[in-house]
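Listed below, chain by chain, are the residues.
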Amino acid sequence: MSTSAPPPGTGTAKDGTAERSTGDLARAAMSGWLGTALEFMDFQLYSLAAGLVFGQLFFAGESPALAVVSAMATYAVGYIARPVGAWYFGRLGDRVGRTKVLFITIALMGGATTLIGALPTVHQIGVLAPILLAVLRLVQGFGAGAEISGAGVMLAEYAPTKRRGIIASLVALGTNCGTLGASAIWGILVAVLSEEQLLAWGWRIPFLGSAVILLFAVWIRFRLKESPVFEESSHVNDGVALTTDEIRAKAEQENDIPMLEALEQKKWRALVPAFLLRFGQAGNSGILQTYMVSFITVTLAMSAAVGTSVVIVSSLCAFVTVPIVGALGDKFGRRRMYQVMSVISLILIVPTMMAIAGADVPQLFVGYIVMHNVSVMALASLENLTLPEIFGARHRYAATGVIREVAAMIATGIGPVVVAAWVAGTTGSWIPIAIMLGIFTACPLIGTFLMPEVAGRDLRDPRNAV
């Protein structure tokens, strides 16, 4: 146990962890929600800007088509940096605590986004403009790589054992808030401003304006107390984790069986089910939230407004889906809820895809909303808590972050590309989409058979659940 005294205003809970007040829990929840919202808003702001204006502002010397490709390439740069940030900051968070690292990650992520709004364009400083843009995207991705995983770990370690699911689901709601907020901001700008105004100064507004949310989030995190689980873990002394040699010597001296077992555990056994849980959810997300808009507008030849509107409406419905699934996970367990939602998703793939492919607007909306909420948002609600619960206290932050980012990078890189090529090769059939959704949905289901139930687990335990 840590030898440091509990912070003022805290005591010891019945399970032995440092107790936190309702205000502390509220700040942790607000911190996690805000950080995740800012992360997804930052990336969505850039994604939309890359498609709308960045080709003309930062790659003006190229053909219009190539300029858009170049702008999208800088968007991809941010995703390359995410796994590196997850590894670096995750290890640091496991060493010195969650709050210090989460303060750094949100400052890097939000600061880079704000600075994008202050960048001179290629017309002002030439080739240096796209270079600076790429550098800021790298910084943004580096910080973002450990943000959502850190928020999930922090909320899981802060929340009361029987309410972890519904409280940690706030992280998933943050993703919706950020995406919807960024889309709304760009929608207003495009509707209100002329093209000349948008290119001259309007594009800077959302990036510079994000500084308001950043400052509020930094203020919240500045007042946030450390995770009670981290403080009370046996490998932590005075707020800093001991080295492996120190931990082994201490465990042998105190005959700390759980710690000695943790030191001998095969780490890959926990990584495999965690990877499958994340890989499946991220793959479904890549298909339904990225590719499906193209399928609706290009393959089905429907209005672009239908594609964007259905995504927005479904994301709004997720504000109901996510907390309900989180609460059900508390009641029935994470493993069982993963199995139930995965099986329901597998059953619904064919009827929902038939509804979408029918190109009838009401049926399309029903099909998309049902599939998106069951196979993407419900699994996201469970994932934000289940991954931290799978891993032991010593490496929870790093393992959660790296698994999240690596699995997502592979799944979202493969899914939309394979489906697009397959659909094109089958003259617009929906069957390839259904097959890929089935493959991705089967992954979490398989993962549940490689892990025990983790709901209610003592998160101070240094051992992985597997």
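The preceding data block contains the structure.
On a predicted model such as this, the values are computed, not experimentally measured, just so you know. (Residues numbered from 1 in each chain as written. Predicted model: local features only at pLDDT ≥ 70, side-chain atom pairs only at ≥ 80, totals over all residues. Heavy atoms only, no water.)

Observations concerning the overall build of the chain
Next up, step 1: A tally of regular secondary structure across the chain gives 20 helices and two strands.
Next up, step 2: Relative to the globule expectation of 23 Å for 466 residues, the C-alpha radius of gyration of the chain, 23 Å, shows essentially globular dimensions.
Next up, step 3: On the principal axes, the C-alpha backbone points of the chain span a range of 70 × 50 × 35 Å.
Next up, step 4: Buried residues in the chain amount to 54% of all 466 residues.
Next up, step 5: About 18,500 Å² of surface is accessible on the chain, with carbon and sulfur atoms providing 69% of the total. (Helix = DSSP H or I, 4+ residues; strand = E, 2+ residues; numbered from the N terminus. Rg over C-alpha atoms; globule rule 2.2 N^0.38 Å. Buried < 20%, exposed > 50% of the residue type's maximum accessible area, 1.4 Å probe, protein only. Areas by Shrake-Rupley, 256 points an atom, 1.4 Å probe, with all protein chains shown as cover.)

Quick notes on the nonpolar core
As a rule of thumb, soluble globular proteins bury nonpolar side chains together.
Next up, step 1: One finds Met 292, Phe 295, Ile 296, Met 353, Ile 356, Leu 364 and Ile 433 to be the most contacted residues of the largest nonpolar core, which totals 40 residues.
Next up, step 2: Tallying contributions element by element places helix H15 (residues 268-299) first for this core, with nine residues.
Next up, step 3: Ignoring anything within four residues of it in the chain, the contact list for Met 292 reads Ile 287, Met 353, Ile 356, Tyr 368 and Ile 433.
Next up, step 4: Grouped together as the second largest cluster of nonpolar side chains are 32 residues, Ala 49, Met 109, Ala 112 and Ile 116 included. (Core = buried A, V, L, I, M, F, W, Y, C linked by side-chain atoms within 4.5 Å. Contact = heavy atoms within 4.5 Å.)

What to know about the packing of helix H16 (residues 304-332) against helix H18 (residues 361-390)
Helix packing for two helices is described by the angle between their axes and how far apart those axes are.
Next up, step 1: Between H16 and H18, the shortest axis-to-axis distance is 7 Å and the interhelical angle comes to 40°. Here H16 lies oblique to H18, going by the angle between them. Handedness of the H16/H18 crossing: right-handed.
Next up, step 2: By residue class, the composition of the contact of H16 with H18 is 16 nonpolar, nine polar and no charged. (Axes fitted to C-alpha atoms, helices over the stretch in contact; angles between N-to-C directions. Parallel < 35°, antiparallel > 145°, perpendicular 65-115°, else oblique. Left-handed = near helix turned anticlockwise from the far one by under 90°. Nonpolar A, V, L, I, M, F, W, Y, C, P; charged D, E, K, R; others polar.)

Overview of unusual backbone geometry
Next up, step 1: Within the chain, Asn 255 stands out as a residue other than glycine whose phi angle is a positive 55°.
Next up, step 2: Of note, Asn 255 is situated in the loop between helix H13 (244-254) and helix H14 (257-264).
Next up, step 3: What makes Asn 255 exposed here is its relative accessible area of 53%.
Next up, step 4: Unlike most non-glycine residues, Ala 359 shows phi in positive territory, near 65°.
Next up, step 5: Inspection of the secondary structure assignment puts Ala 359 in the loop between helix H17 (334-357) and H18.

Some remarks on the packing of aromatic side chains
Next up, step 1: Going through the model one piece at a time under the given rule, you end up with 10 aromatic pairs.
Next up, step 2: Look at Phe 89 and Phe 142: their rings are 5.0 Å apart centre to centre, the planes differ by 55°, and that puts the pair in the tilted class. Here the residue Phe 89 occupies a position in helix H3 (residues 64-96), and Phe 142 occupies one in helix H6 (residues 128-144), the gap between them amounting to 53 residues.
Next up, step 3: On the basis of relative accessible area, Phe 89 is assigned to the buried category, the value being 3%.
Next up, step 4: Judged by centre distance (6.0 Å) and plane angle (25°), the rings of Phe 216 and Trp 219 are stacked. Separated by three residues within a single helix, Phe 216 and Trp 219 lie in helix H11 (residues 204-222), roughly one turn from each other.
Next up, step 5: Judged by its relative accessible area of 37%, Phe 216 falls in the partly exposed class. (Phe/Tyr/Trp six-rings, centres within 6.5 Å; stacked < 30°, edge-to-face > 60°.)

Focus on the pattern of salt bridges
Next up, step 1: According to the stated counting rule, one finds 18 salt bridges in the structure shown.
Next up, step 2: Residues Arg 82 and Glu 39 are paired through a salt bridge, measuring 2.5 Å at the closest nitrogen-oxygen approach. With Arg 82 in helix H3 and Glu 39 in helix H1 (residues 22-52), the pair connects residues that are 43 residues apart, well separated along the chain. Residues Arg 82 and Glu 39 agree in their burial class; the two are buried.
Next up, step 3: Note that Lys 250 is salt-bridged to Glu 254, the shortest N-O span being 3.5 Å. Here Lys 250 pairs with Glu 254, and both are found in helix H13, just four residues apart, close to one helical turn. (Salt bridge = Lys/Arg side-chain N within 4 Å of Asp/Glu carboxyl O.)

Some thoughts on H11
Next up, step 1: Taking 1.5 Å of rise per residue, the 19 residues of H11 would be expected to cover 27 Å, and the 28 Å separating its terminal C-alpha atoms lies within 8% of that figure.
Next up, step 2: For H11, the set of buried residues is Arg 204, Pro 206, Phe 207, Ser 210, Ala 211, Leu 214, Ala 217, Ile 220 and Arg 221. (Expected span 1.5 Å × (residues − 1).)

Quick look at the environment of Leu 276
Next up, step 1: Relative to the helices and strands, Leu 276 is located in helix H15.
Next up, step 2: Setting aside its immediate chain neighbours within four residues, Leu 276 contacts Cys 443, Pro 444, Ile 446, Gly 447 and Leu 450.

Some words on the side chain of Thr 400
Next up, step 1: Among the structural elements, Thr 400 can be located in helix H19 (residues 396-425).
Next up, step 2: Excluding anything up to four places from it in sequence, Thr 400 contacts Ser 149, Val 153, Leu 387, Pro 388 and Phe 391.

With respect to the packing of helix H7 (residues 147-158) against H19
Next up, step 1: The interhelical angle for the contact between H7 and H19, taken along N-to-C directions, is 135°, at an axis separation of 9 Å. Judged by the angle between their axes, H7 and H19 are oblique. Where H7 crosses over H19, the handedness of that crossing is right-handed. Across from Ile 148, Ser 149, Gly 150, Val 153 and Glu 157 in H7, the residues of H19 making contact are Arg 396, Tyr 397, Thr 400, Gly 401, Arg 404 and Glu 405.
Next up, step 2: Along the lines of polarity and charge, the residues of the contact of H7 with H19 split into three nonpolar, four polar and four charged.

Details of a nonpolar patch on the surface
Next up, step 1: A cluster of nonpolar side chains, namely Ile 410, Ile 414, Val 418, Trp 422, Ile 431, Ile 435 and Ile 439, defines an oily patch on the protein surface of about 540 Å² accessible area.
Next up, step 2: Going through the elements one at a time, H19 and helix H20 (431-448) are the ones with two or more residues in the nonpolar patch.
Next up, step 3: One can find Ile 410 in helix H19.
Next up, step 4: Residue class for Ile 410 comes out partly exposed when judged on its relative accessible area of 33%. (Patch = residues over 30% accessible without salt bridge, like charges linked within 9 Å, V, L, I, M, F, W, Y side chains within 5 Å.)

A closer look at the state of the cysteines
Next up, step 1: Under the criterion given, the structure shown has zero disulfides.
Next up, step 2: Cysteine Cys 177 shares no disulfide, and the gap to the nearest cysteine sulfur, in Cys 317, comes to 14 Å. (Disulfide = S-S within 2.5 Å.)

A few points about H15
Next up, step 1: At Tyr 291, H15 is bent by approximately 45°, the largest bend along its length.
Next up, step 2: Immediately beyond the C-terminal end of H15, within one or two residues, lies Ala 301, with a positive phi of roughly 55°. (Bend = angle between axes of the 7 residues up to and from the residue.)

Quick look at the side chain of Asn 373
Next up, step 1: Here Asn 373 lies in helix H18.
Next up, step 2: In this structure the side chain of Asn 373 is engaged in a polar contact, spanning 2.9 Å, whose partner is the backbone oxygen of Ile 369.
Next up, step 3: Setting aside anything within four residues of it in sequence, one finds Asn 373 in contact with Ser 314, Cys 317, Ala 318, Thr 321 and Ala 378. (Polar contact = N/O pair within 3.5 Å; in protein donor to acceptor, adjacent residues only side chain to side chain.)

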